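So you can see what is in the structure, the chains are spelled out below.
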Amino acid sequence: MLGQDARATSKVAPETKGLRGIWLTRGKDARLTLYVPGSGGLRRWTEARAGGPDWDAPDVVPTPDLTHLSVTQNADAYVHFAGRRERITADGGVGVDIVHAIQYQTGRPVSAWNSLGSPHKEAGVGRRLGAPVAVVSKSGETHIAVRNGGSGMMMRRERPDGKWRGWEDLRGKHIKAEPAVVALSSGCVALLASTDEGSLYWEQAEPGGGFGAFQSLDIQLRPGSLTVLETAPGRATYYGTDPVNGVVAFRSGAAALPLGGAPGDGPNAVIRTVLDGLDCTVLAHRGVNGTAVVGVGVTENESNGLWWSDTGVPCLATPALAHDAQGRLVMAVAGPDGAPRVARQTDGAGLSFEQWREP
């Protein structure tokens, strides 16, 4: 049974520009770090010791003028941040660019935000730039994908030596929201985006290479609902919300399979974990009632369905999932008041969580 204690205590002021979400990372020292947008930037909680349960007092990571944020990690557990920034220009207009920063060690300061500019010279078109999504490939190359002002797809890549390539036009049209991007163990990167007509798919032919032409897929999904997970070596499974069938899963070259659930807005958080000796996939989303909902099923065995359970815990956005130092699954949510709550997996059969607590 999933714990349902969601007592509210201290409140966290939301960002004035609407930045929202919750992110949970695990450092090289195995300590978890929790990030939630708040007044002045990202409020950051760090485990006092690996495996918890205590957390250090929060500090603040400045996120000046960010409207959207993507968080990912590389093989060394460095935390990469990619953001969409809006600033007032000298002529009184609004300028938009993509920025990047890195946290190299758990609990340590984040680097300065480095502007990657915009793929557009025209300010009006640039203001339509979408939310970035960042991943780091096996070779250490950071990839940032973003929907451009013309509703196509752009990519910017940082080479392992730290130098950034120019903006690459992956083309496409009528893209509605941020893509789902995955760095595969094969060394290749793949991405999927929703459009008015269906979905568009790109994949590198070889590690570090180009993406070539996109594939058009006849899979219609709610914009902003896409997420992705590598479910076998070099193979990704994509998850999204079908307006009729709830959550669906599909892999390149295969039909979408309905998984049920009743998701609200936003994507699923997704992670693999071992339960009762089985390789399982766990999904978590904000349900239609505004509470965190969890689904569990055997990895790549979608035809047997998922077991869904509503935690009853209110959440502002998609929950976050990670493993702690003891291998336990940890779920974090940001409540309607902006305050985070965390629950850890308990011992025993199946998947259950202990009482929800504020860090």
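Above this note sits the structure.
Cut-offs used in this document
- Residues numbered from 1 in each chain as written.
- Predicted model: local features only at pLDDT ≥ 70, side-chain atom pairs only at ≥ 80, totals over all residues.
- Heavy atoms only, no water.
- Phe/Tyr/Trp six-rings, centres within 6.5 Å; stacked < 30°, edge-to-face > 60°.
- Helix = DSSP H or I, 4+ residues; strand = E, 2+ residues; numbered from the N terminus.
- Buried < 20%, exposed > 50% of the residue type's maximum accessible area, 1.4 Å probe, protein only.
- Salt bridge = Lys/Arg side-chain N within 4 Å of Asp/Glu carboxyl O.
- Pairing = 2+ DSSP bridges.
- Axes fitted to C-alpha atoms, helices over the stretch in contact; angles between N-to-C directions.

Peer 1: With reference to specific residues and values, describe the packing of aromatic side chains.
Peer 2: Summed over the entire model, instances satisfying the criterion amount to six aromatic pairs. Between the aromatic rings of Tyr78 and Tyr104, the centroid separation amounts to 5.0 Å while the plane-to-plane angle is 80°, which identifies the pairing as edge-to-face. Here Tyr78, found in the loop between strand E5 (66-73) and strand E6 (79-88), pairs with Tyr104, found in the loop between strand E7 (94-103) and strand E8 (114-117); they are 26 residues apart in sequence, far enough to count as distant. Judged by its relative accessible area of 45%, Tyr104 falls in the partly exposed class. Taking the centre distance of 6.1 Å and the plane angle of 90° together, the rings of Tyr201 and Tyr238 count as edge-to-face. Of this pair, Tyr201 sits in strand E15 (residues 199-203) while Tyr238 sits in strand E18 (residues 235-242), and the two are 37 residues apart along the sequence. On the basis of relative accessible area, Tyr201 is assigned to the buried category, the value being 7%. Taken together, the aromatic side chains of Tyr35, Phe81 and Trp113 make up a single cluster linked through ring pairs.

Peer 1: Any chance you could break down the pattern of salt bridges for me, citing the residues and the numbers?
Peer 2: Using the criterion set out here, one finds 20 salt bridges in the structure. Two residues, Asp76 and Lys28, come together in a salt bridge whose shortest N-O distance is 3.9 Å. Taken together, the residues Asp76 in the loop between E5 and E6 and Lys28 in the loop between strand E1 (23-26) and strand E2 (32-38) connect sequence positions 48 residues apart. Among the residues examined, Asp76 registers a relative accessible area of 38% and is labelled partly exposed. Taking the shortest distance from any N to any O, the salt bridge between Glu86 and Arg84 comes out at 2.7 Å. Of the residues examined, Glu86 reaches a relative accessible area of 23% and is grouped as partly exposed. Arg84 sits in the buried class, given a relative accessible area of 5%.

Peer 1: Explain the pairing of strand E26 (residues 329-334) to me, and be specific about the residues and the numbers.
Peer 2: The buried count for E26 comes to six of six residues, which makes it a mostly enclosed element. The side-chain alternation of E26 yields two buried faces, one formed by Leu329, Met331 and Val333 and the other by Val330, Ala332 and Ala334. Two strands pair when backbone bridges link them, and strand E25 (residues 320-323) and E26 are joined in this way by four bridges, in the antiparallel orientation. For Ala320, the partnering residue across the bridge sits in E26 and is Ala332. Between E26 and strand E27 (residues 340-344), which pair antiparallel and follow one another directly, the connecting turn spans five residues, one of which, Gly338, has a positive phi of 90°.

Peer 1: Explain the sheet that holds E26 residue by residue, including any values.
Peer 2: Read across the sheet, three strands follow the order E25-E26-E27 without closing on themselves; strand pairing throughout is antiparallel. The strands lining the two open edges of the sheet, one partner per strand, are E25 and E27. Each strand of the sheet is rotated relative to its neighbour by a mean of 20°, with strand direction disregarded.

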